[in-house]
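Fold and geometry: a report
Spelled out from the first residue to the last, the chains are:
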Amino acid sequence: MGSLTIRKLDEAMKARLRLRAARNGRSVEEEARTILRDAAADAESPPAADPTPTEAPSAAAAAAKPARVLLVIGGGIAAYKSLDLIRRLRERGIAVRCVLTRAGSEFITPLSVGAIAGERPYTDLFNPDHEFDVGHIRLARDTDLVIVAPATADLMAKMANGHADDLATAVLLATDKPILLAPAMNPRMWANKATQRNVTRLQNDGVTLVGPGEGEMAERGERGRGRMAEPLEIAVRVTALLAPQDKPLAGYRMLITSGPTHEPIDPVRYIANRSSGKQGHAIAAAAAAAGAEVTLVSGPVTIPDPNGITVVHVESAREMLAAVEKAMPADIAIFAAAVADWRVARDSEQKIKKQTGAATPELSLTENPDILATISKLPPARRPPLVIGFAAETEHVERHAREKLARKGCDWIVANDVSPATGIMGGDSNTVHLISATGIEHWPPQSKDAVAQMLIEHIARTMLEKMKAKS
Ligand code: C5P
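For clarity, every value in this text was computed on a predicted model and none was experimentally measured. (Residues numbered from 1 in each chain as written. Predicted model: local features only at pLDDT ≥ 70, side-chain atom pairs only at ≥ 80, totals over all residues.)

Describing the overall build of the protein
Counting its regular elements, the protein contains 17 helices and 21 strands. Across the 471 residues of the protein, 38% fall into the buried class. Here the analysis covers contacts within the protein between residues at least 6 apart in sequence; of these, 67% occur between residues at least 24 apart. (Helix = DSSP H or I, 4+ residues; strand = E, 2+ residues; numbered from the N terminus. Buried ≥ 20, exposed ≤ 12 C-beta atoms within 10 Å, placed from the backbone. Contact = placed C-beta atoms within 7 Å.)

Quick word on the confidence of the model for the protein
Taken residue by residue, the protein gives an average pLDDT of 86. The fraction at 70 or more is 87%. Within the model, pLDDT remains below 50 along residues 46-63, and this stretch shows two contacts once partners closer than five positions in the same chain are excluded. (pLDDT = per-residue confidence, 0-100.)

As for helix α16 (residues 397-408)
Spanning 12 residues, α16 covers 16 Å between terminal C-alpha atoms, matching the ideal 16 Å at 1.5 Å per step. Considered for burial, the residues of α16 that qualify are V397, A401, L405 and K408. For α16, the buried positions fall inside an angular range of 90° around the axis, keeping them on one side. Looking at α16, the residues exposed on the side facing more than 90 degrees away from the buried face are R399 and A406. The secondary structure elements touched by the buried residues of α16 are α15 (371-376), β16 (386-393), β17 (412-417) and β19 (432-436). Where α16 terminates, the next one or two residues include G409, which has phi positive at roughly 80°. (Expected span 1.5 Å × (residues − 1). Arc of directions from axis to C-beta.)

Considerations on the sheet that holds strand β20 (residues 439-442)
Each strand in a sheet pairs with another by means of backbone hydrogen bonds, the pair being arranged parallel or else antiparallel. Taken in spatial order, the eight strands line up as β12-β11-β8-β13-β16-β17-β19-β20 in an open sheet, and their pairing is mixed. The open sheet has two free edges, formed respectively by β12 (310-313) and β20, since each of these has just one partner strand. Neighbour-to-neighbour, the strand axes of this sheet turn through a mean angle of 15°, independent of strand direction. Pairing of β16 with β17, which is carried by six bridges, proceeds in the parallel orientation. Each residue of the ladder has a partner; that of A391, found in β17, is A415. Along the sheet, helix α13 (residues 278-289) contacts β8 (253-258), β11 (293-298) and β13 (332-335); its crossing angle with β8, the most-contacted strand, is approximately 165°. Along the sheet, α16 contacts β16, β17, β19 and β20; its crossing angle with β16, the most-contacted strand, is approximately 145°. (Pairing = 2+ DSSP bridges. Axes fitted to C-alpha atoms, helices over the stretch in contact; angles between N-to-C directions.)

Side note on the packing of helix α8 (residues 153-160) against helix α11 (residues 193-204)
Helix packing for two helices is described by the angle between their axes and how far apart those axes are. The geometry of α8 relative to α11 is characterised by a closest axis approach of 9 Å and an angle of 50° between their N-to-C directions. Overall, the two elements α8 and α11 adopt an arrangement that is oblique. As for how α8 packs across α11, the hand of that crossing is left-handed. Here A153, M156, A157, M159 and A160 of α8 lie close against α11, whose contacting residues are T195, N198, V199, R201 and L202. Looking at the contact of α8 with α11 residue by residue, the classes come out as seven nonpolar, two polar and one charged. (Parallel < 35°, antiparallel > 145°, perpendicular 65-115°, else oblique. Left-handed = near helix turned anticlockwise from the far one by under 90°. Nonpolar A, V, L, I, M, F, W, Y, C, P; charged D, E, K, R; others polar.)

Things to note about the sheet that holds strand β2 (residues 95-100)
Strand order in this open sheet of five strands is β2-β1-β3-β4-β5, and the pairing throughout is parallel. The open sheet has two edge strands with one neighbour each: β2 and β5 (208-209). Helix α9 (residues 167-174) contacts β1 (68-73), β2, β3 (145-151) and β4 (179-183) of the sheet and is inclined by roughly 140° relative to β1.

A closer look at the site of the ligand
Around the ligand sit 14 residues in total, of which F335, V339, I371, L372 and G389 are the nearest. Contributions of two or more residues to the shell around the ligand are made by α15 and β16. At three residues, β16 tops the list of elements feeding residues into the shell around the ligand. For the shell around the ligand, the class distribution of residues is eight nonpolar, three polar and three charged. (Near = placed C-beta within 6 Å.)

Section: the pairing of β2
Judged by how many residues are buried, β2 sits mostly within the fold: five of six residues are covered. Pairing analysis gives six bridges linking β1 to β2, with the strands arranged parallel. Paired with V69 across the strands is V96, a residue of β2. Regarding topology, helix α4 (residues 79-91) serves as the crossover connection from β1 to the parallel β2, and that connection is right-handed. (Right-handed = clockwise from strand over helix to strand, strands pointing away.)

Here we look at the packing of α4 against helix α5 (residues 110-117)
Contact geometry for α4 and α5: axes closest at 9 Å, N-to-C directions at 15°. Taken together, the axes of α4 and α5 are roughly parallel relative to one another. Considering how the two elements wind past one another, α4 and α5 form a crossing that is right-handed. Of the residues in α5, those in contact with L83, I86 and R87 of α4 are S112, V113, I116 and A117.

Comments concerning the nonpolar core
Across soluble globular proteins, nonpolar side chains have a tendency to be buried as a group. The biggest cluster of nonpolar side chains holds 112 residues, and the ones touching the most others in it are V72 and A287. Counting contributing residues per domain, this core is built from domain 2 (66-242) and domain 3 (253-341 + 365-470), each supplying no fewer than three. (Core = buried A, V, L, I, M, F, W, Y, C linked by C-beta atoms within 7 Å. Domains from an automatic or database assignment.)

Focus on the environment of G226
Position of G226 among the secondary structure elements: in strand β7 (residues 223-227). In this structure G226 comes out as buried when scored by C-beta crowding, with 26 C-beta atoms within 10 Å. Sequence separation of G226 and W190 is 36 residues, and the distance between their C-alpha atoms is 6.1 Å. Residues contacting G226, with those up to four places away along its chain left out, are A184, M185, N186, P187, W190, P212 and M217.

Given below as structure tokens:
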């Protein structure tokens, strides 16, 4: 289908369309597309018995509106990462509209940006088509957040001084929405006093920064601070900025294991343990309530799946490891499952029969893969930035948990005493100790739901501190 040419409509029609678009908070082009889409849908479906007038969008429809961001792509070699950023944002359900600066289009083409964003980028302040369809003021306001990635030294200098001599700077000056900058430049340019002065001024103006990070630069032999933050990190930051305050883990991907594993002996028998999955499932529910995108890998349990969570059901430790690896990457991984340490070396394909006079069968065991240790020891690029293990101990809880922290290579251990007298295994309450490289916290006896809530709050605080330390 050819593109819509609104310019060719008569003046009265254009005026009506403009009015309608303004009332519905859309661009003229979007409004025209909506009218056509609705007309096509009406033609396909039988008329409703009692049509309700739809003058203005309902509150519910407005609430369900996807978040929108305006991405300004500046001119730097890191512009290629912006294509991945668009993808990361869109897979989080965020609509992305792009402005490509003249310098930006020296590095990536409007065609590739448009193909990934699903909408052509805006490039020119004085393009009559663009101005008629949207206009730079609407471009600046019809969004929930403005991102600049890569934010070059020049773009930041212009922003800090209120310049508006091209579309990107005009939009940045006209916007009334939060701005997130992902600076990217040569380390010397970043360290330059002028740049640092501009950064401070922009931060004082309420602009948020993500990165830059340290590392190799595009120029051979150059190293230092100036690398643009990775697209995933920017996407997480965007989701956090868009999220309501009660969703501190919005934008984070969490992977949680829960429940026991069943290790087959034959088709009808298995080795198991007493884990109910209550603690792991409670953590998954609390994480989802805090806005995280959760995948729960659950062994066989009798409790229901928590709502709003992707749940992968597995039986054995090997299946659990495969499901965990498939669910990666994750920002935070919590291994609350009671994974069987051993499995039967060779499980029988047929049910083992009891035979009179025959010797009692002997089970030879072999070690299961250690899921927590496997994920904790992944190379930094693939390892979740926060890995948490559990330690179910029946004696010397603290000492054993510390040893486990070191042996498994995870960041925290949540240790609990599961000796039968405590009733923790299968029960509804828990007493845990949180052990990390910096020390130990003793939490009070409380319900498993309260432990989950406390753990999620602790994680949210830690992620926020990590984020602040990075920027
Ligand atoms: O070694 P141990 O079973 O005491 O360690 C407990 C911790 O290790 C828990 O976080 C548990 O989920 C994890 N684990 C694992 N894979 C195993 C054994 C334990 O992920 N095979």
